[in-house]
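Understanding the architecture of this molecule
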Amino acid sequence: MADDNKENDRFLQDCEIDGLNVSDLKEYLRTHNQYVSGKKSELILRAKGVRKLGLSNLNHATEDAVKFERRKTEKLVTPLGETLPHPKTLTSWTNDLTSLPDFSERDIYNYFVLKMNTKKQLRSKVYYADKHVHSILFHNVHSQCEHCFVKAKVIPSLPSANAKDNPDHDVWLCMSIVSGQVHSAECNCTAG
């Protein structure tokens, strides 16, 4: 079973699924990002649903996944080709924002609309004005770097009654010290 799934990316037919043992069923479900718990009869129904729903095999990277990985890497490379450290690895963040470069709403709009092609680009101003953004910190990467990082906490747009179920999002952005232009950004929410 394991070798069959690696060799060809095809969906098993119902009669083939009926003949699988529990470990093969679980392996088939794992390769299609499905739950593997339950009785054998439940696993069989779930495996048959894989074909009906057309769920792709995780062993084969999709074009979107490749683009996503490339974008994650590009976020930390400046326009001049300098590779920056990931903000999670940096220490000595400061809440003194006097070194923060000048930037305008236009810089934020250009990042969201032109670079990220988002449709709800103007919500960021509303969230900032409504104090969804807090705990803002600044980090000047090093003295010769023309970019800096800003990180903050953002209250979710749809908060729940229990903050543990829906904690504030961790957001960072990389911006040019010279122009104030936003180069890249990332959030730990589901949208990224």
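Calculation criteria
Residues numbered from 1 in each chain as written. Predicted model: local features only at pLDDT ≥ 70, side-chain atom pairs only at ≥ 80, totals over all residues. Heavy atoms only, no water. Helix = DSSP H or I, 4+ residues; strand = E, 2+ residues; numbered from the N terminus. Buried < 20%, exposed > 50% of the residue type's maximum accessible area, 1.4 Å probe, protein only. Contact = heavy atoms within 4.5 Å. Areas by Shrake-Rupley, 256 points an atom, 1.4 Å probe, with all protein chains shown as cover. Salt bridge = Lys/Arg side-chain N within 4 Å of Asp/Glu carboxyl O. Axes fitted to C-alpha atoms, helices over the stretch in contact; angles between N-to-C directions. Left-handed = near helix turned anticlockwise from the far one by under 90°. Nonpolar A, V, L, I, M, F, W, Y, C, P; charged D, E, K, R; others polar. pLDDT = per-residue confidence, 0-100. Pairing = 2+ DSSP bridges.

**Considerations on the overall build of the chain**
Broken down by element type, the chain carries 7 helices and 4 strands. Along its sequence from the N terminus, the chain presents helices and strands in the succession α-α-α-α-α-α-α-β-β-β-β. The buried share of the chain, taken over its 192 residues, is 27%. Of all intrachain contacts in the chain linking residues separated by at least 6 positions in sequence, the fraction that spans at least 24 positions is 49%. Here the chain has roughly 13,000 Å² of accessible surface; of this, 53% comes from carbon and sulfur atoms.

**Section: the pattern of salt bridges**
With the rule as written, the count across this model stands at 3 salt bridges. The salt bridge partner of Lys75 is Glu186, with a shortest N-O separation of 3.4 Å. Here Glu186 lies in strand 4 (residues 182-187) and Lys75 lies in the loop between helix 5 (63-74) and helix 6 (105-115), a separation of 111 residues in the sequence. When its relative accessible area of 9% is taken as the criterion, Lys75 is described as buried. Of the charged contacts, one joins Lys153 and Asp170 as a salt bridge, the two residues approaching to 2.5 Å between their closest N and O atoms. Here Asp170 lies in strand 3 (residues 169-176) and Lys153 lies in strand 2 (residues 147-154), a separation of 17 residues in the sequence.

**Side note on the environment of Leu12**
You can see Leu12 is positioned in the loop between helix 1 (2-7) and helix 2 (14-18). The buried category is assigned to Leu12, whose relative accessible area is 7%. As for Leu12 and Arg51, which are separated by 39 residues in sequence, their C-alpha atoms are 7.2 Å apart.

**Some words on the environment of Leu97**
With respect to the helices and strands, Leu97 occurs in the loop between helix 5 and helix 6. On the accessibility criterion, Leu97 (31% relative accessible area) is partly exposed. In this view, Leu97 contacts Ile136, Leu137 and Phe138; residues no more than four positions away in its chain are not counted.

**Considerations on the side chain of His147**
The residue His147 is located in strand 2 in this model. Under the relative-accessibility criterion, His147 is labelled buried at 8%. Not counting residues within four places of it along the chain, the set of residues in contact with His147 comprises Thr78, Pro79, Leu84, Asn140, Val141, Cys174, Met175, Ser176, Ile177 and His183.

**Focus: the packing of helix 3 (residues 22-31) against helix 4 (residues 40-53)**
Contact pair helix 3 / helix 4: the axes reach a minimum separation of 10 Å and the direction vectors enclose 35°. Handedness of the helix 3/helix 4 crossing: left-handed. For the pair helix 3 and helix 4, the contacting residues are Val22, Leu25, Lys26, Tyr28 and Leu29 in the first and Lys40, Leu43, Ile44, Arg46, Ala47 and Val50 in the second. Looking at the contact of helix 3 with helix 4 residue by residue, the class counts come to 8 nonpolar, no polar and 3 charged.

**Overview of the confidence of the model for the chain**
Confidence along the chain averages 79 in pLDDT terms, with 79% of residues attaining 70 or more. Per-element confidence in the chain is highest for strand 2, whose mean pLDDT is 91, and lowest for helix 1, whose mean pLDDT is 44.

**Some thoughts on the sheet that holds strand 4**
Whether parallel or antiparallel, the strands of a sheet pair through hydrogen bonds between backbone atoms. One open sheet accounts for 4 strands, arranged 1-2-3-4; its pairing is antiparallel. Where the open sheet ends on each side, the last strands, each with one partner, are strand 1 (133-140) and strand 4. Each neighbouring strand pair of the sheet contributes to a mean axis angle of 15°, computed without reference to strand direction.

**Points about the pairing of strand 4**
In terms of burial, strand 4 is a largely internal element, 5 of the 6 residues being buried. As judged from the 5 bridges shared by strand 3 and strand 4, these two strands associate in the antiparallel manner. The residue bridging Met175 from the neighbouring strand is Val182, located in strand 4. Here strand 3 hands over to strand 4 after 5 residues, with Gly180 in that stretch at a positive phi of 80°.

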